[in-house]
Amino acid sequence: MTIQDILHRKGRQVVTSRPTETLLATIRMLTEKRIGAVIVEDDHLRPAGIFTERDFAKAVAAHGESALGMPIGRLMSAPIISCRPSDSVESAMALMTRAKIRHLPVMGDGELLGIVSIGDLVRQRLSDKELEAGVLLDLSRMRA
């Protein structure tokens, strides 16, 4: 199973924002869309960074209430850690674990193709394991 397979099933929609957007507006957007991250695009609409729930927590811890009016371009994580659509689910999970991140933009030929979360990857692994368990159960019943 590859990241491309996950994107095919879940879709390629990515929520983006501008670096000048305030933290408060960005948090409202995350809440309304029920997502955990937005890709921050530069003036040429290329990914410049990612802003996540963890970045929000770090911003408030560092700046207190005044962080709400700050531009996310000052608070985002950059450079972006990304994967390719051809990467396996296992390699993407390993990358996320090593980097201690929960959202992984998918890049191909310099273009943003989608984003996967740790939840997407775990869901796929659980589905794979359920299928394997079902096959093994069927095989054991055939032998009995």
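Presented here is a report on the structure given in the accompanying data block. Because the structure is a prediction, the values reported are computed rather than measured.

A few words on the overall build of the protein chain. Counting secondary structure elements, the protein chain contains 5 helices and 5 strands. From first element to last, N terminus to C terminus, the protein chain shows the α and β order α-β-α-β-β-α-α-β-β-α. For 144 residues, the compact-globule estimate of 2.2 N^0.38 gives 15 Å, and the protein chain exceeds it by more than 25% at 18 Å. Overall, the C-alpha framework of the protein chain stretches about 70 × 35 × 25 Å when taken along its three principal axes. Here the protein chain holds 144 residues, and the buried ones make up 34% of them. By sequence separation, contacts in the protein chain at least 24 residues apart represent 56% of the contacts at least 6 residues apart. Only carbon and sulfur atoms are counted for the fraction: they give 54% of the accessible area of the protein chain, which is about 8,900 Å². Side-chain charges of the protein chain comprise 20 positive and 18 negative groups, with the mean position of each set lying 4 Å from the other.

What follows covers the sheet that holds strand β1 (residues 16–17). Spatially, the 3 strands line up as an open sheet ordered β1-β2-β3, and their pairing is mixed. Every interior strand has two partners, whereas the edge strands, β1 and β3 (47–52), have only one. Here strand β2 (residues 37–41) runs beside β3; their pairing, made up of 5 bridges, is antiparallel. Opposite Val 40, over in β3, you have Gly 49 as the bridge partner.

Let us look at the pattern of salt bridges. The tally for this structure, following the rule as stated, stands at 6 salt bridges. Residue Arg 123 is joined to Asp 120 by a salt bridge in which the shortest nitrogen-to-oxygen separation is 3.2 Å. Linking Arg 123 with Asp 120, this pair stays in helix α5 (residues 118–143), spanning 3 residues, or about one helical turn. In this structure Arg 123 comes out as exposed when scored by relative accessible area, which is 53%. Residue Asp 120 is classed as buried on the basis of its relative accessible area, which comes to 9%. Members of the salt-bridge network, linked through shared partners, are Lys 10, Asp 120 and Arg 123.

Going from Ala 78 to Pro 79, the amide bond is cis rather than trans, its omega being 0 degrees. Tracing the backbone shows Pro 79 in the loop between α3 (53–63) and α4 (89–99). In this model, Arg 34 sits at a positive phi of 55 degrees, which is unusual for a non-glycine residue. Phi angles above zero are rare outside glycine, and Asp 109 is one such case at about 55 degrees. Here Asp 109 is to be found in the loop between β4 (103–108) and β5 (111–117). For Asp 109, a relative accessible area of 86% translates into the label exposed.

Here we take up helix α1 (residues 3–10). Listing the buried residues of α1 in full gives Ile 3, Ile 6 and Leu 7. End-on, the buried residues of α1 take up no more than an arc of 100 degrees, which puts them together on one face. Away from its buried face by more than 90 degrees, α1 exposes His 8 and Arg 9. Gly 11 sits one or two residues past α1 and shows a positive phi near 100 degrees.

Now for the pairing of β5. Where burial is concerned, most of β5 is hidden: 6 out of the 7 residues are buried. As defined by bridge partners, β4 adjoins β5 across 6 bridges and the pair is classed as antiparallel. The partner of Val 106 across the bridge, within β5, is Gly 114. Between the end of β4 and the start of β5, which pair antiparallel, lie 2 residues, with Asp 109 showing a positive phi angle near 55 degrees.

About the criteria used
- Residues numbered from 1 in each chain as written.
- Predicted model: local features only at pLDDT ≥ 70, side-chain atom pairs only at ≥ 80, totals over all residues.
- Heavy atoms only, no water.
- Helix = DSSP H or I, 4+ residues; strand = E, 2+ residues; numbered from the N terminus.
- Rg over C-alpha atoms; globule rule 2.2 N^0.38 Å.
- Buried < 20%, exposed > 50% of the residue type's maximum accessible area, 1.4 Å probe, protein only.
- Contact = heavy atoms within 4.5 Å.
- Areas by Shrake-Rupley, 256 points an atom, 1.4 Å probe, with all protein chains shown as cover.
- Lys, Arg positive; Asp, Glu negative; His and termini not counted.
- Charge placed at Lys NZ, Arg CZ, Asp CG, Glu CD.
- Pairing = 2+ DSSP bridges.
- Salt bridge = Lys/Arg side-chain N within 4 Å of Asp/Glu carboxyl O.
- Arc of directions from axis to C-beta.

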